[in-house]
Amino acid sequence: MTSPSPVCEPAGLPDVDRYVDLSMERADYLRGGQAYLADLARWLRECSNAGHGSRTHELYSEAHDRLFRATWEYAVHQWTAREGTPPPPAALVAVGGYGNRTLCLRSDVDLLFLMGERGDRTEQFVKSVLLLLIDFKLNLGYLTRSVADCEAKVGTDLESVTSMTGARPVTGSESLFREFRQCIVEAVRGRGRRWFLRSVFEQWKTRRLK
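Overview of the structure. Each residue is numbered by its place in its chain's sequence as written, counting from 1. Totals for whole chains, interfaces and linings use all residues, but because this is a predicted model, local features are given only for residues with pLDDT of at least 70 and pairs of side-chain atoms are given and counted only at 80 or more. As a convention, hydrogens and water are excluded, and side-chain values are obtained from all of the structure's heavy atoms.

We now examine the overall build of the protein chain. Numbered from the N terminus, helices here are DSSP runs of H or I no shorter than four residues, and strands are runs of E no shorter than two. Within the protein chain, the secondary structure is distributed over eight helices and four strands. Across the protein chain, helices and strands are ordered from the amino to the carboxyl terminus as α-α-β-α-β-α-β-α-α-β-α-α. Only protein chains enter the calculation, and the probe is 1.4 Å; a residue is then buried if its accessible area is under 20% of its type maximum, exposed if over 50%, and partly exposed in between. By the burial criterion, 40% of the 210 residues in the protein chain qualify as buried. A contact between two residues is defined here by any heavy atoms of the two lying within 4.5 Å. Within the protein chain, contacts between residues separated by at least 24 positions form 70% of all contacts whose residues are at least 6 apart in sequence.

Take the packing of helix α1 (residues 26-49) against helix α4 (residues 120-135) next. Helix-helix packing is described using two parameters, namely the angle between the two axes and the distance between the axes. To obtain an axis, a line is fitted to C-alpha atoms, over the contacting stretch when the element is a helix, and the angle between two such axes runs from 0 to 180 degrees between their N-to-C directions. Between α1 and α4, the least distance of the axes is 9 Å, while the angle of their chain directions is 50 degrees. Here α1 lies oblique to α4, going by the angle between them. With respect to the hand of their crossing, α1 and α4 are arranged in right-handed fashion. Across from Arg-26, Leu-30 and Gln-34 in α1, the residues of α4 making contact are Leu-131, Leu-132 and Asp-135. Looking at the contact of α1 with α4 residue by residue, the classes come out as three nonpolar, one polar and two charged. Throughout this description, any angle smaller than 35 degrees is read as roughly parallel, any larger than 145 degrees as roughly antiparallel, any in the 65 to 115 degree range as roughly perpendicular, and the remainder as oblique. Crossing handedness is defined as follows: a turn of the near helix away from the far one that is anticlockwise and smaller than a right angle gives a left-handed crossing, while the clockwise case is right-handed. Just so you know the grouping, Ala, Val, Leu, Ile, Met, Phe, Trp, Tyr, Cys and Pro go in nonpolar, Asp, Glu, Lys and Arg go in charged, and all remaining residues, Gly too, go in polar.

For the rest of this paragraph, the subject is the nonpolar core. By nonpolar core we mean a set of buried residues, namely Ala, Val, Leu, Ile, Met, Phe, Trp, Tyr and Cys, connected to one another through side-chain atoms within 4.5 Å. With 42 residues, the main nonpolar core has Phe-68, Leu-111 and Phe-113 as its most contacted residues. Counting only elements with at least two residues in this core, the list comes to α1, α2 (54-83), β1 (90-94), β2 (109-115) and α4. Here this core gets 10 residues from one element, more than from any other, and that element is α2. Leave out the neighbours within four places in its chain, and Phe-68 touches Leu-92, Tyr-98, Val-109, Leu-111, Leu-133, Leu-138, Val-170 and Thr-171. In terms of nonpolar packing, the next biggest core, distinct from the first, is built from 21 residues, Leu-114, Cys-150, Leu-176 and Trp-195 among them.

In this section: the sheet that holds β2. Whether two strands pair depends on DSSP finding at least two bridges between them. Within the open sheet, the four strands sit side by side as β3-β2-β1-β4. Their pairing is mixed. Taken across any chain shown, the strands that pair with only one partner, and hence form the sheet edges, are β3 (140-146) and β4 (168-172). Sheet twist, expressed as the mean angle between neighbouring strand axes with direction ignored, is 25 degrees. Pairing geometry for β2 and β3, over seven bridges, is parallel.

What follows concerns the pairing of β2. Among the seven residues in β2, six count as buried, and that is most of the element. By the bridge criterion, five bridges tie β1 to β2 in an arrangement that is antiparallel. The partner of Ala-94 across the bridge, within β2, is Leu-111. The handedness of a crossover follows from its direction of travel: if, with the strands pointing away from the viewer, the path from the first strand over the helix to the second runs clockwise, the crossover is right-handed. Following the backbone out of β2, through α4 and into the adjacent parallel β3, one traces a crossover that is right-handed.

Written out as structure tokens, the structure reads:
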């Protein structure tokens, strides 16, 4: 039996540290990130052509994590150098298929920018990260919310709540993500439990009828 091509093994993944670093000017950082994503897409196509399974898509998702962590760190570094203080608490959270680590070649990369509290400084920092990711020319889907904004969706927006129950942290404030996670879990198990179960059942029933 023919052994898998080594390029499709984890060791064959592009190393983000070879493409971007904190010392780069913004234009150079963007070119490096775009080159990383192009080589990553090439790696995935080669793996897909070789018939590799779901583990490939998990690795593809994790490779995006690495670029997003590096970019977050770059934005923090730029902010601190300019402002003289660290940015306000915020976190980058993966949702949807990306949150489930099932990212495919042309999938939307769904992100939640979680803010400790709304305010000019927090929004400016989040915007600085977001603009970098947009300029990578990803198929980006994103929301910016505080924990209170997320909690307010319980009882009104099933799609958002379902997405948030499967969210996973990528980078940023770990304590803020834990607060968000606890808030959503307590809401769907507590005051929003009946609404959540009823809405999921109605959604299932509608799909079954279709």
